[in-house]
Amino acid sequence: MKVILYNESAAEELNIEEIARYLRQKLGKAKIEVRGSPFVSSLTQDSILDFARKIASAKIQEVNQKIPSEQEPLHGEIEYEKRRILGKTRAFGVLYDGFRLRRIFGEVIPGEELSLEFVHIILTNRLLVTWDNSNQRYHLRASIYSIPSVVSTTGLIEAPAKPREYYLLKQQYERLGKDLSELKESFRGSFIDYEDKRLSEVVKGYAMQAVFYSLTGDPFCEDKGCRLYNAHWQEELIFAQLESGYEFCQRHTRLLRKAQASHR
Ligand SMILES: [Zn+2]
């Protein structure tokens, strides 16, 4: 097995080398490689423009309006994406259709590396959403597991819900025009925030979810204390990744040991 971590403008506080070291330690003989943006290897003027257009057309304008399969982006949007691909901006806040973005990332991965031997994990600060048919709107996602898998560092902050009281108080603060940093201070520690020192530790668990997706087809676990728990709340995320007192449940510890023994 070979795990490749790509840094597609992931949050600056993310220590990717530390995540690579962690994977080496957990996966025994597997090779772990860290790469920069997946677009860098195939950069010609034409391909930059092509990818910029594709990425721009995966952009979501309205969360309750499904984007058409073909949408022609504006010139400015394409220019913005060009700057992002070239690393000239790290801006975030734009929403992208996660499944389309994953497909675009998949196109830049060399064909010979698209086998089951490889686990590709794109770490990005782009915000991903996926369409939910049941309530007809897009929802934020922290990660999407597929070939390649995508883990969003901003998604880890924005997708799992914060405590309910936080949202109630936030409305009050906004109504009164009060400074939100004061509110965040009073909830300190109860959710992962921007520039959070715990981010790298949390992403280790999400990288392992991508690894388990590749090993077993299932990235998740029902055990709330296991790093493979699919957290919908920040409290659940923090418990599973940082506070439960163990990393993996017994079943996943066993599966991991088995995988270490059988590494090609
Ligand atoms: Zn588990």
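Below is a summary of the structure that appears in this document. (Residues numbered from 1 in each chain as written. Predicted model: local features only at pLDDT ≥ 70, side-chain atom pairs only at ≥ 80, totals over all residues.)

What about the nonpolar core?
The cut-off we apply is this: Joined through C-beta atoms within 7 Å, a set of buried Ala, Val, Leu, Ile, Met, Phe, Trp, Tyr and Cys residues constitutes a nonpolar core. Three classes are used. A residue is buried when 20 or more other C-beta atoms lie within 10 Å of its own, exposed when 12 or fewer do, and partly exposed in between, with C-beta atoms placed from the backbone. Think of it this way: any DSSP run of H or I at least four residues long counts as a helix, any run of E at least two long counts as a strand, and we number them from the N terminus. Two residues qualify as being in contact provided that their C-beta atoms, derived from the backbone, are within 7 Å of each other.
Counting 58 residues, the largest nonpolar core has Val 3, Ile 121, Ala 207, Ala 210 and Val 211 as its most contacted members. Element by element, the count of residues in this core is highest for helix H8 (residues 199-216), at 11 residues. Each residue touching Ile 121, except ones within four places of it in the same chain, is listed here: Val 3, Leu 5, Tyr 6, Pro 148, Ser 149, Val 151, Ala 207 and Ala 210.

Examining the packing of helix H1 (residues 16-27) against H8
To keep things clear, this is the line we draw: Fitted lines through C-alpha atoms give the axes, limited to the stretch in contact for helices. The angle between two N-to-C directions lies from 0 to 180 degrees. With respect to orientation, any angle under 35 degrees is reported as roughly parallel, any angle over 145 as roughly antiparallel, any angle of 65 to 115 as roughly perpendicular, and every other angle as oblique. Helix crossings get a hand from a simple test, with the near helix turned counterclockwise from the far one by less than a right angle marking a left-handed crossing and a clockwise turn marking a right-handed one.
Close contact between H1 and H8 brings their axes to 10 Å; oriented N to C, the two are set at 50°. Here H1 lies oblique to H8, going by the angle between them. With respect to the hand of their crossing, H1 and H8 are arranged in right-handed fashion. Residue-level inspection shows Glu 18, Ile 19, Tyr 22, Leu 23, Lys 26 and Leu 27 of H1 in contact with H8, the latter providing Ser 200, Val 203, Lys 204, Ala 207, Met 208 and Val 211.

Concerning the sheet that holds strand E8 (residues 143-144)
For the record, the criterion: Here, a strand pair is defined by DSSP locating no fewer than two bridges between the strands.
As summarised here, the arrangement of the 5 strands in space is E2-E1-E5-E9-E8, forming an open sheet in which the pairing is mixed. The open sheet is flanked by strand E2 (31-35) and E8, the only strands paired with a single partner. As paired elements, strand E1 (residues 2-8) and strand E5 (residues 118-124) share 7 bridges and run parallel to each other. In the strand pairing of E5, Tyr 6 is matched with Ile 122.

Quick look at the pairing of E1
Pairing analysis gives 5 bridges linking E1 to E2, with the strands arranged parallel. Bridged to Lys 2 within E2 is Lys 31.

Side note on unusual backbone geometry
For the bond from Ile 147 to Pro 148, the omega torsion is -5°, close enough to zero to count as cis. Looking at the secondary structure, you find Pro 148 in the loop between E8 and strand E9 (149-152). For Ser 9, which is not a glycine, the phi torsion comes out positive at approximately 50°. In this structure, Ser 9 sits in the loop between E1 and H1. Look at Ser 9 and you get partly exposed, because 19 C-beta atoms sit within 10 Å. Residues other than glycine seldom take positive phi values, yet Glu 195 does so here, at roughly 60°. Here Glu 195 shows up in the loop between helix H7 (180-186) and H8.

Overview of the sheet that holds strand E3 (residues 59-60)
Overall, mixed pairing links the 4 strands, which are arranged E3-E4-E6-E7 in an open sheet. For this open sheet the edge positions go to E3 and strand E7 (137-141), each flanked by a neighbour on one side alone. The pairing of E3 with strand E4 (residues 95-97) spans 2 bridges and is classified as antiparallel. Residue pairing in the sheet places Lys 59 in a bridge with Tyr 96 of E4. In the packing of helix H4 (residues 98-108) onto the sheet, contacts are made with E4, strand E6 (127-132) and E7, and the angle to E4 comes to roughly 75°.

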